[in-house]
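# Topology and contacts: notes
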Amino acid sequence: MTEELPEYDLTFYPDPLLRKPSEPVTSFDEALSRLAGGMLERMHASNGVGLAAPQVGVRCRVLVMNPTGEEGDDRVLINPEIIERAGVETTYEEGCLSFPGVYAEVRRPDSCKVRFFSVDGEEHEEEFTGFTSRVIQHEYDHLEGVLLVDRMSPADKVRNKHVLQDLVARYQERRKREESPA
Ligand code: CO
């Protein structure tokens, strides 16, 4: 018997929900594994490599990723804590499912050591490097309410100005529709 996973919609910038730090997960139950499963489905359907719970409107410390895109490489990190960042800083063009059409060069250290829990509540510590480390650092930012726009250089802000303005306009239109349903 397979129960259908919850279907999640993406939360887009500048929804204030993306700005609030997320709360730690306290129960490792069926609801948590359904959340993680639903987030992975949303991520794959949107062609993303990573997704944090606030991006589907859930303010808890859960991130999912699949940096290779290979089947079987899905990862779920609960209550992740970056305990060390190390290595040379590299610059890479990042995108974000909450910022469709926005791309920005972001500098981050190459590796990070992370303490986290798996969905079944087991504690792990693991070191990540390269692209995987970058994805984790990006998604971890979401759990703290930090967004791509905060990591952008002034030049990237100018370059993305119109797309960002468009996202703000679309958000305001959605709000207006929600406030006065036809
Ligand atoms: Co993102």
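In this text the structure is predicted, and so the values were computed from the model without any measurement. (Residues numbered from 1 in each chain as written. Predicted model: local features only at pLDDT ≥ 70, side-chain atom pairs only at ≥ 80, totals over all residues. Heavy atoms only, no water.)

## Observations concerning the packing of aromatic side chains
Taken as a whole and assessed by the stated rule, the structure comprises three aromatic pairs. With centroids separated by 4.7 Å and ring planes inclined at 25°, the aromatic side chains of Tyr 13 and Phe 99 adopt a geometry described as stacked. Here Phe 99 lies in the loop between β3 (75-94) and β4 (104-117) and Tyr 13 lies in the segment before α1 (30-45), a separation of 86 residues in the sequence. You can call Tyr 13 buried: its relative accessible area is 15%. Among the residues examined, Phe 99 registers a relative accessible area of 0% and is labelled buried. Between Phe 28 and Phe 117 the ring centres are 5.8 Å apart and the planes differ by 50°, which places this aromatic pair in the tilted class. Of the two residues, Phe 28 is situated in the segment before α1 and Phe 117 in strand β4; the sequence distance between them amounts to 89 residues. (Phe/Tyr/Trp six-rings, centres within 6.5 Å; stacked < 30°, edge-to-face > 60°. Helix = DSSP H or I, 4+ residues; strand = E, 2+ residues; numbered from the N terminus. Buried < 20%, exposed > 50% of the residue type's maximum accessible area, 1.4 Å probe, protein only.)

## With respect to the environment of Asp 74
Mapped onto the fold, Asp 74 is located in the loop between β2 (62-65) and β3. Classification of Asp 74 by relative accessible area gives partly exposed; the value is 33%. The spatial distance from the C-alpha of Asp 74 to the C-alpha of Glu 178 is 35 Å, given a sequence separation of 104 residues. Those residues in contact with Asp 74 that lie beyond four places of it in its chain are Leu 40, His 44, Met 65 and Asn 66. Among the polar contacts made by the side chain of Asp 74, one reaches the side chain of His 44 at a distance of 2.9 Å. (Contact = heavy atoms within 4.5 Å. Polar contact = N/O pair within 3.5 Å; in protein donor to acceptor, adjacent residues only side chain to side chain.)

## Re the coordination of the cobalt ion
Distances from the cobalt ion to its protein donors, Cys 96 (SG), His 138 (NE2) and His 142 (NE2), fall within 2.0 to 2.2 Å. Read in sequence order, the donor residues for the cobalt ion give the motif C-x41-H-x3-H. Within this pair, whereas Cys 96 is found in the loop between β3 and β4, its partner His 142 is found in helix α2 (residues 130-143), the two being separated by 46 residues in sequence. For the residue pair Cys 96 and His 142, the accessibility class agrees, reading buried in each case. (Donors = N, O, S within 2.8 Å, 3.2 Å for Na, K, Ca; no water.)

## Overview of the nonpolar core
Leu 35, Met 39, Leu 51, Val 62 and Val 64 are the most contacted members of the largest nonpolar core, which has 18 residues in total. Per-element tally for this core: the top contributor is α1, with six residues. Non-local contacts of Val 62, meaning those with residues more than four positions away in its chain, are made with Val 25, Leu 32, Leu 35, Met 39, Leu 51, Ala 52, Ala 53, Leu 77, Ile 78 and Leu 143. (Core = buried A, V, L, I, M, F, W, Y, C linked by side-chain atoms within 4.5 Å.)

## Details of the sheet that holds β2
One open sheet holds the five strands; their spatial order is β1-β2-β3-β4-β5, and the pairing between them is antiparallel. With partners counted over all chains shown, the strands left at the sheet margins are β1 (50-52) and β5 (123-129), one partner each. Strand-to-strand twist across the sheet, computed as the mean angle between neighbouring axes with direction ignored, equals 30°. As paired strands, β3 and β4 are joined by 12 bridges and run antiparallel to one another. By the bridge assignment, Ile 82 is partnered in β4 with Val 114. Against the sheet, α1 engages β1, β2 and β3, with an angle of about 40° to β2. (Pairing = 2+ DSSP bridges. Axes fitted to C-alpha atoms, helices over the stretch in contact; angles between N-to-C directions.)

Bear in mind that shape data such as this cannot, by itself, settle questions of function.
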